[in-house]
Amino acid sequence: MSRLVTIYGGSGFVGRYVARRMARLGWRVRVAVRRPAEAGFVRPYGAPGQVVPVLCNIRDDASVRAAMLGADAVVNCVGILNALGKNTFDAVQDEGAGRIARIAADLGVPHLVHVSAIASGDSDYARTKAAGEAAVLAAYPAAVILRPSVIFGTDDSFFNRFGGMARMMPLIPLPGAGTRFQPVHVEDVAQAAVLGATGAAAPGIYELGGPEVMTLRQVMDRILSVIQRKRVVMGLPVAFGMPLAFGADMVQAITGGLVENKLVTRDQLRSLRHDTVVSDGARGLHDLGIQPTGVDAVLPEYLWRFRPAGQYAAIKDSARNLKA
């Protein structure tokens, strides 16, 4: 019988790419998610019955264990950018990560991959990412831990968010404009996770970044170039964005999460005080034999929808060169 991998958060942005790659390698894939009925899109990643969504809540031991039974490898892709209800940063990124690692060790799962992040500072996001890594290593010392910088790809919540802002706003206020990132392609992150799950990567921590370090302002300029729009970008200190973030957070809190803060949270602004780049001397994509993908090779493939002419932009540009 083919080997089985359980991917927690396997229908999410990174998890779905890991699931697709594992299925192509012939593995059976169990996608552990809170709402399996909404994760049916992962089934066609493999042959009928090869990729199966299952119900799991990583806040519950029994649920995590049931999803892991019989697995030859485990990949934890669960992470949040905004705390909603019981899914707090501590519950998901610290306790949840530790729970998965502890149960993987109890069940004798041969390989564990934990997808974390390059994060530092006083934000709840960074604090719980670090705590989650510590919990994973304490329970499962041979784990492969991946720390990506900001991840880009078709369904990302970073470049797409700024693309949407640029489409709607002639003036773009940009708190933390000087903060540096090292954008990494989601396919590269998924490939690194697959190497860990199959035992091809040595245990330890890998920091994943693309070939280019960019400030947030440079990211915005690159997006504007791709979507063919001219906008005024106003760099601001992070503190200037706090009143707006506070208001959006309060609306989310008052409505019990019915109105989610999709603009920016105070915790996200605190994260913007710190660079998200690969540390000097850290193991990374090259140590895994992966050639990093640059943003210029991928952004036009999905940011075209923010262009004034959308999918017809190339046709209109070509038509200008036609002679009457």
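As the structure is a computational prediction, the values presented were derived from the model and not from experiment.

Draft legend 1. Main features of the overall build of the protein chain. In terms of helices and strands, the protein chain carries 11 helices and 13 strands. Against the globule reference of 20 Å for 324 residues, the protein chain gives a C-alpha radius of gyration of 20 Å, in line with a compact fold. Along the first, second and third principal axes, the C-alpha atoms of the protein chain reach 65 × 50 × 40 Å. Residue pairs in contact within the protein chain that sit at least 24 positions apart in sequence constitute 77% of those at least 6 positions apart. When the accessible surface of the protein chain is totalled, it reaches about 14,900 Å², and 56% of it is carbon and sulfur. Of the charged side chains in the protein chain, 36 are positive and 27 negative, and the gap between their average positions amounts to 7 Å.

Draft legend 2. Spotlight on the pairing of strand S2 (residues 28–33). For S2, the tally of buried residues reaches 5 of 6 residues, placing the bulk of the element in the interior. Bridge count between strand S1 (residues 4–8) and S2: 5 bridges; the pairing is parallel. Opposite Ile-7, over in S2, you have Val-31 as the bridge partner. Taken together, S1, helix H1 (residues 15–24) and S2 constitute a β-α-β crossover, and its handedness is right-handed.

Draft legend 3. Molecular detail of the packing of helix H3 (residues 89–107) against helix H4 (residues 124–139). Close contact between H3 and H4 brings their axes to 8 Å; oriented N to C, the two are set at 10°. With respect to each other, H3 and H4 are oriented roughly parallel. Listed contacts from H4 to Phe-89, Asp-90, Gln-93, Asp-94, Ala-97, Gly-98, Ala-101, Arg-102 and Ala-105 of H3 are Asp-124, Tyr-125, Arg-127, Thr-128, Lys-129, Ala-131, Gly-132, Ala-135, Val-136 and Ala-139. Of the residues belonging to the contact of H3 with H4, the class tally is 9 nonpolar, 4 polar and 6 charged.

Draft legend 4. Quick look at the state of the cysteines. Under the counting rule described, the total for this entry stands at 0 disulfides. Sulfur of Cys-77: no disulfide; nearest cysteine sulfur belongs to Cys-56 and is 13 Å away.

Draft legend 5. The pattern of salt bridges, seen in detail. Taken as a whole and judged by the stated rule, the model has 15 salt bridges. Residue Asp-275 pairs with Arg-180 through a salt bridge whose shortest N-O separation is 3.1 Å. Remark: Arg-180 occurs in strand S9 (residues 180–181) and Asp-275 occurs in the loop between helix H9 (266–271) and helix H10 (299–303); sequence separation between them is 95 residues. Residue class for Arg-180 comes out partly exposed when judged on its relative accessible area of 36%. Taken together, the shared-partner salt bridges in this structure form one network comprising Asp-61, Arg-99 and Arg-102.

Draft legend 6. Seen up close, the packing of H1 against helix H6 (residues 186–197). Look at H1 against H6: their axes get within 9 Å of each other, and the N-to-C directions meet at 55°. The angle between H1 and H6 falls in the class oblique. The hand of the H1/H6 crossing is right-handed. Of H6, the residues touching H1 (which contributes Tyr-17, Val-18, Arg-21 and Met-22) are Val-186, Glu-187, Ala-190, Gln-191, Ala-193, Val-194 and Ala-197. Considering only residue class, the contact of H1 with H6 consists of 8 nonpolar, 1 polar and 2 charged.

Draft legend 7. Layout of the environment of Phe-152. The topology assignment puts Phe-152 in strand S7 (residues 151–152). In this view, Phe-152 contacts Phe-13, Phe-159, Pro-183, Val-184, His-185, Val-186, Thr-293, Gly-294, Val-295, Val-298 and Tyr-302; residues no more than four positions away in its chain are not counted.

Draft legend 8. Quick look at the sheet that holds strand S6 (residues 144–148). Here 7 strands make up an open sheet; going across it, the order is S3-S2-S1-S4-S5-S6-S11 and the pairing parallel. Of all strands in the sheet, those with a lone pairing partner are strand S3 (51–55) and strand S11 (204–208), marking the two edges. Adjacent strand axes in the sheet meet at a mean angle of 20°, parallel and antiparallel pairs treated alike. Sheet topology places S1 next to strand S4 (residues 73–76); 4 bridges connect them, and they run parallel. Considered in S4, the bridge of Val-5 is made with Ala-73.

Draft legend 9. Spatial organisation of H3. A rise of 1.5 Å per residue sets the reference length of H3, with its 19 residues, at 27 Å; its end C-alpha atoms lie 26 Å apart and thus fit the reference within 8%. The largest bend in H3 is about 35°, located at Gly-96. Immediately beyond the C-terminal end of H3, within one or two residues, lies Gly-108, with a positive phi of roughly 70°.

How each quantity is defined
Residues numbered from 1 in each chain as written. Predicted model: local features only at pLDDT ≥ 70, side-chain atom pairs only at ≥ 80, totals over all residues. Heavy atoms only, no water. Helix = DSSP H or I, 4+ residues; strand = E, 2+ residues; numbered from the N terminus. Rg over C-alpha atoms; globule rule 2.2 N^0.38 Å. Contact = heavy atoms within 4.5 Å. Areas by Shrake-Rupley, 256 points an atom, 1.4 Å probe, with all protein chains shown as cover. Lys, Arg positive; Asp, Glu negative; His and termini not counted. Charge placed at Lys NZ, Arg CZ, Asp CG, Glu CD. Buried < 20%, exposed > 50% of the residue type's maximum accessible area, 1.4 Å probe, protein only. Pairing = 2+ DSSP bridges. Right-handed = clockwise from strand over helix to strand, strands pointing away. Axes fitted to C-alpha atoms, helices over the stretch in contact; angles between N-to-C directions. Parallel < 35°, antiparallel > 145°, perpendicular 65-115°, else oblique. Nonpolar A, V, L, I, M, F, W, Y, C, P; charged D, E, K, R; others polar. Disulfide = S-S within 2.5 Å. Salt bridge = Lys/Arg side-chain N within 4 Å of Asp/Glu carboxyl O. Left-handed = near helix turned anticlockwise from the far one by under 90°. Expected span 1.5 Å × (residues − 1). Bend = angle between axes of the 7 residues up to and from the residue.

The values are spatial; any link to function lies outside them.
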